[in-house]
Amino acid sequence: MANMAKNRRLVGSLLVLVVVLIFSVTSVTIIEPTERGVAVTLGTPGSEVLGPGMHFHAPMGITRIKKVSVAPINKRMTFSVGTDGAITRDMQTVGAMVEVFWKYDENRIVEAVSQYNKNIIEDAIIKSTIASVKEAVGNYTIYELVENQKIISPAIQELIVSKAVNYPIVVTQLAVTNWDWSDNFDKQIQETMLRTQQVRQAEQDLKLTQTNAQKQVAEAEASKNAAILKAEAELETAKRNAEAKKVEADSIAYYNSKVSQNMTVQREQWQHDEQMAYYNKWNGILVPQYVPLTAAGGIVNIPAPSGKN
């Protein structure tokens, strides 16, 4: 009897431990850093968004924490060239591979939990992407599609955002790759691109020719201006040399005139000196104004006056 009572107490203790363990496990939820949660009690979601960490709540399924990942999620879709393809403005069917990256809007987590599930969200993204790709492609001819691939992806992303605005998501990135079209049209595109390259090469060659011509004109103009400047400089130098020679000639002429004046003055001085010397030697007797000659040409001897009356 004692053993039976002991066994009953042991079983009871184990049952209590199991119940406590069940209550403990079902009343604690851990939310990871890339997750957010909303407490749902008896089917009714709360209004508070639970962040990362450990959260306690009513056990046994009375309250459960519905977790939503806020990490980016990608969805890849393929459009074939056939009936699923997009139609260009010139009525050509093209296919492509589209990859959409999206995540739940952290400001609308309660809305996401209470009104949507992941399947509904993904279905909305798929439909929005299909409609957006076809709308964007329809704005271009197939030739323009090849040339404008870099701007088509942002255009499709903007269209998806506008179409999915009512859903609690954020479209973070979109990539369109592997454009596809028929083999015949692929050949046409290659030929067109080759012709386009040839036209562009011809335009580049023309620009190069024009540039070279402009360069030659500029060089000729520069040479002409240099020649003009050189001629003007030489003319100016000649003028200056002529003026210098004229000044030199004027200086020589002035010097010669001064020398001539000095010689005249000197001669007059010499004559004056000679006259003064003569006067200093004169004895007061005047020289006869004329000398009488004989018929034979001899000089008549006139005796000097004796001084007597």
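In short, a report on the structure. Only a predicted model underlies this, so the values are computations on that prediction, with no experimental measurement involved.

1. Section: the overall build of the chain
Then step 1. When helices and strands are tallied, the chain shows six helices and nine strands.
Then step 2. The buried share of the chain, taken over its 309 residues, is 21%.
Then step 3. Relative to all contacts within the chain whose residues are 6 or more apart in sequence, the contacts with residues 24 or more apart total 69%.
Then step 4. For the chain, the accessible surface area stands at approximately 22,500 Å², while carbon and sulfur atoms represent 57% of it.

2. Some points on a nonpolar patch on the surface
Then step 1. On the surface, Ile30, Met54 and Phe56 cluster together into a nonpolar patch covering about 360 Å² of accessible area.
Then step 2. Among the secondary structure elements, phenylalanine 56 is positioned in strand 4 (residues 53–56).

3. Remarks on the environment of proline 59
Then step 1. By the element assignment, proline 59 lies in the loop between strand 4 and strand 5 (63–69).
Then step 2. Taking the C-alpha atoms as reference points, proline 59 and serine 27, separated by 32 residues in sequence, lie 4.2 Å from one another.

4. Some remarks on the packing of aromatic side chains
Then step 1. Counted under the stated rule, the structure contains two aromatic pairs.
Then step 2. Relative to tyrosine 104, the ring of tryptophan 102 has its centre 5.3 Å away and its plane inclined at 70 degrees; by these criteria the two rings are edge-to-face.

5. Here we look at the nonpolar core
Then step 1. Judged by nonpolar contacts, the single largest core of 39 residues is most densely connected at Val94, Val100, Ile156 and Trp179.
Then step 2. Contributions of two or more residues to this core are made by strand 2 (35–41), strand 6 (73–79), strand 8 (93–104), helix 2 (109–115), helix 3 (118–137), helix 4 (142–147), helix 5 (149–163) and strand 9 (169–180).
Then step 3. With six residues, strand 8 is the largest single contributor of residues to this core.
Then step 4. Apart from the residues within four sequence positions on either side, valine 100 is in contact with Ile73, Asn74, Lys75, Met77, Ile125, Thr129, Ile160, Val171, Gln173 and Leu174.

Definitions and limits used
Residues numbered from 1 in each chain as written. Predicted model: local features only at pLDDT ≥ 70, side-chain atom pairs only at ≥ 80, totals over all residues. Heavy atoms only, no water. Helix = DSSP H or I, 4+ residues; strand = E, 2+ residues; numbered from the N terminus. Buried < 20%, exposed > 50% of the residue type's maximum accessible area, 1.4 Å probe, protein only. Contact = heavy atoms within 4.5 Å. Areas by Shrake-Rupley, 256 points an atom, 1.4 Å probe, with all protein chains shown as cover. Patch = residues over 30% accessible without salt bridge, like charges linked within 9 Å, V, L, I, M, F, W, Y side chains within 5 Å. Salt bridge = Lys/Arg side-chain N within 4 Å of Asp/Glu carboxyl O. Phe/Tyr/Trp six-rings, centres within 6.5 Å; stacked < 30°, edge-to-face > 60°. Core = buried A, V, L, I, M, F, W, Y, C linked by side-chain atoms within 4.5 Å.

The values reported here are purely geometric and, on their own, carry no functional implication.
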